[in-house]
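Structural characterization, general
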Amino acid sequence: MTQRQIQMLYRTCWTIVLLIAAIPFVFPFVWMVSAGFKSVTEIFGAPTLIPRVWRWQNFVEVFTYQPFARQYFNSLYIAIVVTALTLAISSLAGYALARMRFAGAGLLMLFLISALMVPEEVTIIPNFFLMRWFGLVDTHWPLILLPTFGPHGVMATFLMRQYFLALPKELEEAGKMDGLSRFGVWWKIALPMARPALAAVSIITFLFSWNLFLEPLIFLSSLDMFTLPLALSNFNDSYGLPLWNLQLAATSLAVVPILIVYLIAQRQIIESFALSGVKG
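Residues numbered from 1 in each chain as written. Predicted model: local features only at pLDDT ≥ 70, side-chain atom pairs only at ≥ 80, totals over all residues. Heavy atoms only, no water.

Scanning the chain from terminus to terminus reveals 15 helices and zero strands. Taken over the C-alpha trace, the chain has a radius of gyration of 24 Å; the compact-globule value for 280 residues is 19 Å, which it surpasses by more than 25%. With the C-alpha coordinates of the chain rotated into their principal frame, the extents come out at 75 × 70 × 30 Å. When burial is assessed residue by residue, the chain has 39% of its 280 residues classed as buried. Contacts in the chain between residues at least 24 apart in sequence constitute 72% of all its contacts with a sequence separation of at least 6. When the accessible surface of the chain is summed, it comes to about 16,300 Å², and 72% of that surface belongs to carbon and sulfur atoms. Distance between charge centres in the chain, computed from 17 positive and 13 negative side chains, equals 11 Å. (Helix = DSSP H or I, 4+ residues; strand = E, 2+ residues; numbered from the N terminus. Rg over C-alpha atoms; globule rule 2.2 N^0.38 Å. Buried < 20%, exposed > 50% of the residue type's maximum accessible area, 1.4 Å probe, protein only. Contact = heavy atoms within 4.5 Å. Areas by Shrake-Rupley, 256 points an atom, 1.4 Å probe, with all protein chains shown as cover. Lys, Arg positive; Asp, Glu negative; His and termini not counted. Charge placed at Lys NZ, Arg CZ, Asp CG, Glu CD.)

Take a look at the structure:
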C-alpha cells in the first residue's frame, strides 16, 4: 500500500469510529424530532424511530394551544439584547482590567471572580425583592439585567480580559503614537483583534439567555410574557399531565436557533478557548 492509501484508510477508520461514538449523542435529538410527529399513544407504544402516522398538526397545535409565537419572540429578542449588552460591557471591562493600571485593580478582579462562586439560587430572593422594589416584576427587565450584570457577565469579562492580555502591546502603542485615545485603541485595534473571543462570548451568552428557566419562573406570571423554557413546561392537559407530543414538537422548534448559532460560530469559540489561556 502506498502512503496515500494508508492515510486514506487511517482517516476512514477514524471517521467510522467517530460516527459510532456520536450515536449516543445524536440519537436523543433524532428521537425528539421524530416523537414530535407522533401521537401520545404512539410515543408510549412500541418503540419506533420513524412515526407510523405523521402528525404534522402537532406543530400547528403548538401555536394554537398558547401564544407560542409571542413566547418564541420573547426568548429571541431577550437573548439578542442580553448578548449585545454583555459584549459591550464585558469587552470594555475586560480591556480596562487587562491594560489599565489603577489602584485596587487586583482586588476588584478578586471580587469579580468571587461572584462566580455564589450560586444564583442564593441570590434569587434578594434579586426578586430588588426588582419588585423597582417595579420590574412581570417584565423582561430582570431577564436582561441579571444575566448582563450577574455572574455570567463576570465570566464574560474574565474571558475578554484573558484574551486582551494575550494581545501584543506594540500594536496598541503604535495606535497611541498615531493619536488614538484609550477608547480609540479599544475600538479600532483591540476589539477587531478579539473577534474569536467576542464570538465565544456571543454564543455562550446567547445559549445562557435562551435556556434561562429559574429567572423567568420567578419574575414572570403573564402567559404573554413567558419565554420558551417556561412555555415548554406549560403544555399540560386539564389534569396537569404533560402533553408529550406538543412538548416534543415545541422543543424541536426551540432548538433551531441554538443549532444555527453554534454552527456559525463553532470554529471561533474553539479558537477562543484555546487562546484565552495563553497569558494571564
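This part is about unusual backbone geometry. Even without being glycine, aspartate 138 reaches a positive phi, approximately 65 degrees. Inspection of the secondary structure puts aspartate 138 in the loop between α6 (120-134) and α7 (141-149). Under the relative-accessibility criterion, aspartate 138 is labelled partly exposed at 22%.

Moving on: helix α14 (residues 244-254). The buried fraction of α14 amounts to eight of the eleven residues, a majority that puts the element mostly inside the structure. Residues of α14 that are buried include every one of Asn245, Leu246, Gln247, Leu248, Ala249, Ala250, Ser252 and Ala254, and no others.

Before going further, it helps to examine the packing of helix α1 (residues 3-35) against α14. For the pair α1 and α14, interaxial distance at closest approach is 8 Å and the crossing angle is 120 degrees. It follows from the interaxial angle that α1 and α14 lie oblique. You can see that α1 and α14 cross each other, and the crossing is left-handed. Side by side, α1 and α14 meet where Trp31, Met32, Val33 and Ala35 of the first sit next to Asn245, Leu248, Thr251 and Ser252 of the second. (Axes fitted to C-alpha atoms, helices over the stretch in contact; angles between N-to-C directions. Parallel < 35°, antiparallel > 145°, perpendicular 65-115°, else oblique. Left-handed = near helix turned anticlockwise from the far one by under 90°.)

Further remarks concern the confidence of the model for the chain. Taken residue by residue, the chain gives an average pLDDT of 86. The fraction at 70 or more is 94%. Mean pLDDT across the elements of the chain bottoms out in helix α15 (residues 256-275) (69) and peaks in α7 (94). (pLDDT = per-residue confidence, 0-100.)

Applying the stated criterion to the full structure yields 18 aromatic pairs. Ring centres 4.8 Å apart and planes at 75 degrees place the aromatic pair phenylalanine 37 and tryptophan 56 in the edge-to-face group. Linking phenylalanine 37 in the loop between α1 and α2 (40-43) with tryptophan 56 in the loop between α2 and α3 (57-65), this pair joins segments that are 19 residues apart in sequence. With a relative accessible area of 54%, tryptophan 56 lands in the exposed category. Each ring, one from tyrosine 72 and one from tryptophan 210, has its centre 5.7 Å from the other, and the planes form 75 degrees; the classification is edge-to-face. Placement of tyrosine 72 in helix α4 (residues 68-99) and of tryptophan 210 in helix α11 (residues 195-210) is noted, with a sequence separation of 138 residues between them. Taking the relative accessible area as the measure of exposure, tyrosine 72 reaches 18% and is therefore buried. Owing to a relative accessible area of 2%, tryptophan 210 belongs among the buried residues under this scheme. Taken together, the ring pairs in this structure connect Phe63, Tyr65, Phe68, Tyr72, Phe206, Trp210 and Phe235 into an aromatic cluster. (Phe/Tyr/Trp six-rings, centres within 6.5 Å; stacked < 30°, edge-to-face > 60°.)

Core analysis: the biggest nonpolar cluster contains 19 residues, and Tyr95, Met160, Tyr163, Phe164, Trp186, Ala194 and Val201 have the highest contact counts within it. The set of elements that each furnish at least two residues to this core consists of α4, α8 (151-166), α10 (182-193) and α11. Counting residues per element, this core draws most heavily on α8, at six residues. Ignoring any residue separated from it by four or fewer positions in sequence, one finds tryptophan 186 in contact with Ser91, Leu92, Tyr95, Phe164, Leu191 and Pro192. By size, the runner-up hydrophobic cluster in this structure holds 17 residues, among which are Tyr72, Phe235, Ala250 and Ala254. (Core = buried A, V, L, I, M, F, W, Y, C linked by side-chain atoms within 4.5 Å.)

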